[in-house]
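# Report on the structure
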Amino acid sequence: MRSRLRIMKINQNTVLQGKKVTLVPYTSAHVSRYHEWMKSEELQRLTASEPLSLEQEYEMQHSWQEDADKCTFIVLDTERWSGHAGTEEDCMVGDVNLFLTDMEDPTVGEIEVMIAEPSCRGRGFGKETTLIMMFYGVTKLGITKFEAKVGQENEASISMFKKLHFKEVAVNRVFQEVTLKLDVNEQQRQWLLEQTNHVEEKKYSVLNLQTRASET
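To keep things clear, this report deals only with the structure shown in the data block. Counting of residues starts from 1 at the beginning of each chain's written sequence and follows it residue by residue. For a predicted model such as this one, the threshold for reporting local features is a pLDDT of at least 70, and the threshold for listing and counting side-chain atom pairs is 80 or more; totals across whole chains, interfaces and linings nevertheless cover every residue. Computation of side-chain values: all heavy atoms of the structure, hydrogens and water removed.

### Considering the sheet that holds strand 5 (residues 108-115)
Two pairing modes exist for strands in a sheet, parallel and antiparallel, and in both the strands are linked by backbone hydrogen bonds. Quick note on the threshold: A pair of strands is labelled paired if DSSP reports no fewer than 2 bridges between them. Helical segments are the DSSP runs of H or I of at least four residues, strand segments are the runs of E of at least two, and each set is numbered from the N terminus. For helices, the fitted axis covers only the stretch in contact; all axes are lines through C-alpha atoms, and the angles between them, taken along N-to-C directions, range from 0 to 180 degrees.
The strand order across the open sheet built from 9 strands is 7-8-6-5-4-3-2-1-9, with neighbouring strands paired in mixed fashion. If you trace the sheet from one side to the other, it starts and ends with strand 7 (167-172) and strand 9 (200-203), each paired once. For this sheet the average axis-to-axis angle between neighbouring strands, irrespective of direction, equals 25°. Examined bridge by bridge, strand 1 (residues 14-17) and strand 9 share 4 bridges and lie antiparallel to one another. When the bridges of strand 9 are listed, V15 appears paired with K202.

### Points about the packing of aromatic side chains
Where we set the bar: Classification of ring pairs rests on two measures: the distance between centres of Phe, Tyr or Trp rings, Trp counted by its six-membered ring, which must be within 6.5 Å, and the angle between planes, read as stacked under 30 degrees, edge-to-face over 60 and tilted in between. Only protein chains enter the accessibility calculation, which uses a 1.4 Å probe. A residue is then buried if its area is under 20% of the maximum for its type, exposed if over 50%, and partly exposed in between.
Throughout the structure, instances matching the rule amount to 4 aromatic pairs. Aromatic pair Y26 and Y34: ring centres 5.5 Å apart, planes at 45°, arrangement tilted. On the basis of relative accessibility, which here comes to 10%, the residue Y26 falls in the buried class. Here the aromatic cluster, defined as three or more aromatic residues joined through ring pairs, consists of Y26, Y34 and W37.

### So, the pairing of strand 8 (residues 177-183)
In the sheet, strand 6 (residues 145-151) pairs with strand 8 via 7 bridges, with the strands oriented antiparallel. Pairing of F146 across the sheet is with L182, part of strand 8. Looking at chain direction, strand 7 and strand 8 are connected through 5 bridges and run antiparallel. In the sheet register, V171 faces strand 8, and the bridge partner there is V178. In sequence, strand 7 turns back onto strand 8 through a hairpin of 4 residues, with Q176 there showing a positive phi of about 50°.

Just distances and angles here, no functional claims.
Encoded structure:
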């Protein structure tokens, strides 16, 4: 368990910057905006989530930060964030999670992506977010098998995963959920590395220091 804990907390000082989106660790500074998102009945339905109080949301953020089986990033709009057009909270557009779901096989990861800001949907944000998270899972966490569970009505997400070479393997009529999977062989790995060769990895602590310095 100690090694799993180390692995899943490895992203606490990691920023992954792409062309459209930038992934940063989920901290307490992001909870308020996240809580506002999750008041949406549409997002609750699409993510199969129950509404939480703000206090519960803070508790959830803390537990996820410490959880040995979860790796979570907040998704920022790269253009706004890199242009210092607002605080991190102002630049938030969604989140992405990777869950270690098989205690017997640490190479299996379930990926979950949410682009919460309606204005950012249909613009490739979800695709790049997914690719970056897959890249991180493969290169840093040793993931070689990805799984995604998507609501049947979420046709946009199902289509996106299929474009990223995921195959539909099951439909759960009770939960109205589609399961898609991708095994990362050497060919898939090379394709993934090519799709993400523009991604820059930075230290979150250094960027925060630079931001505070520019504000003084």
